[in-house]
Amino acid sequence: MSDSVSRRTFIQTTAAATAAFALHGGVRASGSDVIRVGVIGCGGRGTGAARDCLRGSDGVELVALGDLAPDRLARCRAELAKAAQADPAFAARLKVTDDRCFTGFDAYQKVLAADVDFVILASPPFFRPAHLAAAVAAGKHVFAEKPVAVDSAGIRSVLETYRLAKQKGLAIGVGTQRRHQAEYLATLERIQGGAIGTVLSGQVFWNQGGLWNLERQPDWTDAEWQIRNWLYFTWLSGDHIVEQHVHNIDVANWVIGAHPVKAIGTGGRQVRTDPKFGHIYDHFAIDFEYPSGARVLSMSRQMQGTRGRIGEHFIGTKGIAEMKNEGSAEIRGANAWAWQRPGTRINPYVQEHTDLVASIRAGKPLNELETVAQSTLTAIMGREAAYTGQEITWDEALNADLDLTPPQVGYGPLAVPPVPMPGQTKLSRRFTE
Ligand SMILES: NC(=O)c1ccc[n+]([C@@H]2O[C@H](COP(=O)([O-])OP(=O)(O)OC[C@H]3O[C@@H](n4cnc5c(N)ncnc54)[C@H](O)[C@@H]3O)[C@@H](O)[C@H]2O)c1
């Protein structure tokens, strides 16, 4: 594939690859078969998820790696080799060979064609809908990192992929690890059993300091600079309300048992104004309204030197539930309870892979894609309420002509989209608007 393809060619190539893979796609890996895993997007999380997957179950082997950037792929291989040196059981499951390592924009197609049963998708979120569609068309089980899309067009694609995966009996786990984390499961069991009564309102937070930023190198084109610093561009990350805070928004939808019907909100770019930080906001505050009338305040901030808080808090007619990122959870009120930390903590990043592989082996494939597509769309709805300054309904967010795909998907010149301006930015818009 050339360095740069037009938007139409990108979509056509994906569709053609998808059709070709569909011919070869067969659902394997049930019972005691070895599950052969490939990773697409071998950065921090892709490498971590590969480790977690191999540690989470017996009979799982890592056989193929694909990444856009050769240096990132090499770094991943070096880290996995280091882990193998320290752990012979891990080494026995690491079966990546040079001829199954692929780079470039089409690396995902090559991983899918490399005789794998299961793929881990951990590139920047913009690529997720296309990678998911190709993986499911090829008949592969999937672990996809969150969020699963950045815009309405991506969500619609992912929902279609969800339906196809259900038809084919494929498993799709998504990296909202709180859904596999013991203290969350114990708290949700109590909430769903009525411990806090009817939930009236909640507050969910992801407030933190700054994050990494890579200095632009002379040989990087505009697009390479943006893709390497993907956090700071809405087309790639969805902005931090979608990229990070989706975790806590997902918990709100889980606790309330529904997705919101509308959102209003505010946000801006107050501290992180240097062009090296792209065009995203550094803070959001959103009011989500649910079908029952319950309201959830969502607050997310990335500002150096500010107070951190990550967690969720819900107020019901009989009590209050609170989950904090440090691994504590409690219920206050009539049915008071507190999570007792066990002697050995099960790592939820490993547990989510254990659960996914067990579901494949049992012939009862987990499919979390629709649920996390809804949580991702909730976050997009909140982002758009802040970007546009308007009230945004669920149906508007789902059906909007909002497609942030750049005119060329590839390395080359690419102007940074404008900073969204409430009162001016429209919900239905394209990359340059
Ligand atoms: N569940 C969690 O708690 C958690 C934690 C961290 C990150 N994540 C998610 O994981 C994903 C990756 O984040 P990260 O921290 O690993 O970022 P990263 O920058 O470390 O890694 C991204 C990798 O994807 C590669 N890449 C870019 N475009 C690609 C393409 N088209 N095809 C193949 N590879 C491509 C990059 O070269 C890089 O190696 C994001 O969606 C992020 O939100 C989830």
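Residues numbered from 1 in each chain as written. Predicted model: local features only at pLDDT ≥ 70, side-chain atom pairs only at ≥ 80, totals over all residues. Heavy atoms only, no water.

(A) Spatial organisation of the overall build of the protein chain. Helix and strand counts for the protein chain come out as 15 helices and 17 strands. Its C-alpha atoms give the protein chain principal-axis dimensions of about 60 × 50 × 40 Å. Looking at the protein chain as a whole, 56% of its 433 residues are labelled buried. Contacts in the protein chain between residues at least 24 apart in sequence constitute 75% of all its contacts with a sequence separation of at least 6. Within the protein chain, one finds 46 positive and 45 negative side-chain charges whose respective centroids are separated by 2 Å. (Helix = DSSP H or I, 4+ residues; strand = E, 2+ residues; numbered from the N terminus. Buried < 20%, exposed > 50% of the residue type's maximum accessible area, 1.4 Å probe, protein only. Contact = heavy atoms within 4.5 Å. Lys, Arg positive; Asp, Glu negative; His and termini not counted. Charge placed at Lys NZ, Arg CZ, Asp CG, Glu CD.)

(B) A look at the pattern of salt bridges. In the structure shown here, the tally under the stated rule is 23 salt bridges. For D106, the salt bridge goes to K110, with nearest N and O atoms at 3.7 Å. The partner of R345 in a salt bridge is E183, with the nearest N and O atoms 3.8 Å apart. Taken as a pair, R345 in the loop between strand 15 (337–338) and helix 13 (348–361) and E183 in helix 8 (residues 182–192) lie far apart in primary sequence, 162 residues in all. What makes E183 buried here is its relative accessible area of 4%. (Salt bridge = Lys/Arg side-chain N within 4 Å of Asp/Glu carboxyl O.)

(C) Expanded view of the packing of helix 7 (residues 152–168) against helix 14 (residues 369–388). Between helix 7 and helix 14, the least distance of the axes is 9 Å, while the angle of their chain directions is 170°. When the interaxial angle is binned, helix 7 and helix 14 end up roughly antiparallel. Contacts from I155, V158, L159, T161 and Y162 of helix 7 reach helix 14 at L369, E370, A373, T376, L377 and I380. The class makeup of the residues in the contact of helix 7 with helix 14 is eight nonpolar, two polar and one charged. (Axes fitted to C-alpha atoms, helices over the stretch in contact; angles between N-to-C directions. Parallel < 35°, antiparallel > 145°, perpendicular 65-115°, else oblique. Nonpolar A, V, L, I, M, F, W, Y, C, P; charged D, E, K, R; others polar.)

(D) Examining unusual backbone geometry more closely. A cis amide bond, omega -15°, links K146 with the succeeding residue P147. Secondary-structure assignment places P147 in the loop between strand 6 (141–144) and helix 7. Positive phi values are uncommon outside glycine, yet D115 reaches one of about 55°. Along the chain, the position of D115 falls in the loop between helix 5 (107–112) and strand 5 (118–121).

(E) Examining the side chain of T425 more closely. Along the chain, the position of T425 falls in the segment after strand 17 (408–410). There is a polar contact of 2.7 Å between the side chain of T425 and the backbone nitrogen of M421. Discounting residues that sit within four places of it in the chain, T425 has contacts with Y387, T388 and P420. (Polar contact = N/O pair within 3.5 Å; in protein donor to acceptor, adjacent residues only side chain to side chain.)

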